[in-house]
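Observations on chain architecture
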Amino acid sequence: MEEANSVQDRDNKFLRKVVDEAYKGVECGDGEDRDNKCLRKAVDEAYKGVECGDGKDRDNQFLRKAVDEAYKGVECGDGEDRDNKCLRKAVDEAYKGVECGDGEDRDNKFLRKAVEEAYKGVECGDGGPFGAVVVHNDEVLVSCHNMVLRNTDPIAHAEVTAIREACKQLKQSELADCDIYASCEPCPMCFGAIHLSRIKRLVYGAKAEAAIAIGFDDFISDALRGTGFYQKAHLEIKRADGNEAVIAEQVFEETKAKFQMY
């Protein structure tokens, strides 16, 4: 009897550790799907035991197997090390967030840079009021604006120009480790370029309607809305809100008299 209680205590100890890891996954935003999947599988097995009448003996059998696997993980150097690796990664990401102003502040910082580029492009006579910034390892890799008039190139939009320059800087054709910040919602061409470059995250400021209001073609709103392409893209997309959205949309009203519509 004493031995049985000892085994049960041991099992409970490891089960609590499994539950703790599940909570960790939720709290740090890392591994949630994996933890939930495994936890659901464990619960399903428990239900099976009840439904087929195997009772405690069968449940204990599966629980001991789970505990044995935990021991194996420790003995072969995976298991806990793997969990710690994921946890360390989540913590590193959290520190990055703190160091660079985190989430909203980080996005606002880079978005403001894109808006500055939009103004700069008009002041220089290079093109329309659109700017884009590509960020790599939390640093601005390239900062560009629309160059349609300067280059006599109808596809030299801010996002396309920024992607081209970023690829040159990194000497590669994919930007999977980069984010892009655009002063305005990308047109279909720019969205296609973002998708093909494998950029992982897009943050934009003004809605397309702000550009349409001063004379730009209304087709530009078709990239993110009204098509299935947006849903298929393996890309995180965020639109600025509050003050940052207002600042981005003001660009068009404040520059419309300063550039030649094309």
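Here, the structure is the one placed above.
Read on for an overview of the structure. (Residues numbered from 1 in each chain as written. Predicted model: local features only at pLDDT ≥ 70, side-chain atom pairs only at ≥ 80, totals over all residues. Heavy atoms only, no water.)

1. Observations concerning the sheet that holds strand β1 (residues 131-136)
Taken together, the five strands give an open sheet; going across it, the order is β2-β1-β3-β4-β5, and neighbouring strands pair in mixed fashion. Every interior strand has two partners, whereas the edge strands, β2 (139-145) and β5 (236-239), have only one. Across the sheet, the mean angle separating the axes of adjacent strands is 15 degrees when strand polarity is ignored. The pairing of strand β4 (residues 201-206) with β5 spans four bridges and is parallel. Bridging from a neighbouring strand, Val203 pairs with Lys238 of β5. Across the sheet, helix α11 (residues 242-255) touches β3 (178-184), β4 and β5, and the angle it forms with β4 is around 60 degrees. (Pairing = 2+ DSSP bridges. Helix = DSSP H or I, 4+ residues; strand = E, 2+ residues; numbered from the N terminus. Axes fitted to C-alpha atoms, helices over the stretch in contact; angles between N-to-C directions. Contact = heavy atoms within 4.5 Å.)

2. Re the pairing of β3
In terms of burial, β3 is largely enclosed, as seven of its seven residues are buried. Both β1 and β3 contribute to a ladder of five bridges, which runs antiparallel. Along β3, the bridge assignment pairs Ala132 with Ala182. Each parallel crossover has a hand, and for β3 linked through helix α8 (residues 188-196) to β4 it is right-handed. (Buried < 20%, exposed > 50% of the residue type's maximum accessible area, 1.4 Å probe, protein only. Right-handed = clockwise from strand over helix to strand, strands pointing away.)

3. Here we look at the environment of Tyr204
For Tyr204, the position within the fold is in strand β4. Residues Tyr204 and Ala240, spaced 36 residues apart in sequence, show a C-alpha to C-alpha distance of 6.1 Å.

4. Quick look at the packing of aromatic side chains
For the structure shown, the criterion picks out three aromatic pairs. Ring centres of Phe110 and Tyr181 lie 5.3 Å apart, and the angle between their planes is 50 degrees; this geometry places the pair in the tilted category. Remark: Tyr181 occurs in strand β3 and Phe110 occurs in helix α5 (residues 102-123); sequence separation between them is 71 residues. When sorted by exposure, Phe110 lands in the same class as Tyr181, which is buried. On the basis of an interplanar angle of 65 degrees and a centroid distance of 5.5 Å, the ring pair of Phe130 and Phe252 is categorised as edge-to-face. A residue pair is termed long-range when its members are at least 10 positions apart, and Phe130 in the loop between α5 and β1 and Phe252 in helix α11 qualify at 122 residues. One exposure class covers both Phe130 and Phe252, and it is buried. (Phe/Tyr/Trp six-rings, centres within 6.5 Å; stacked < 30°, edge-to-face > 60°.)

5. A word on the environment of Val148
Inspection of the secondary structure puts Val148 in helix α6 (residues 148-151). Each C-alpha atom, one on Val148 and one on Gly128, is 7.5 Å from the other, the two residues being 20 residues apart in sequence.

Note that all results are geometric; they support no functional claim without further evidence.
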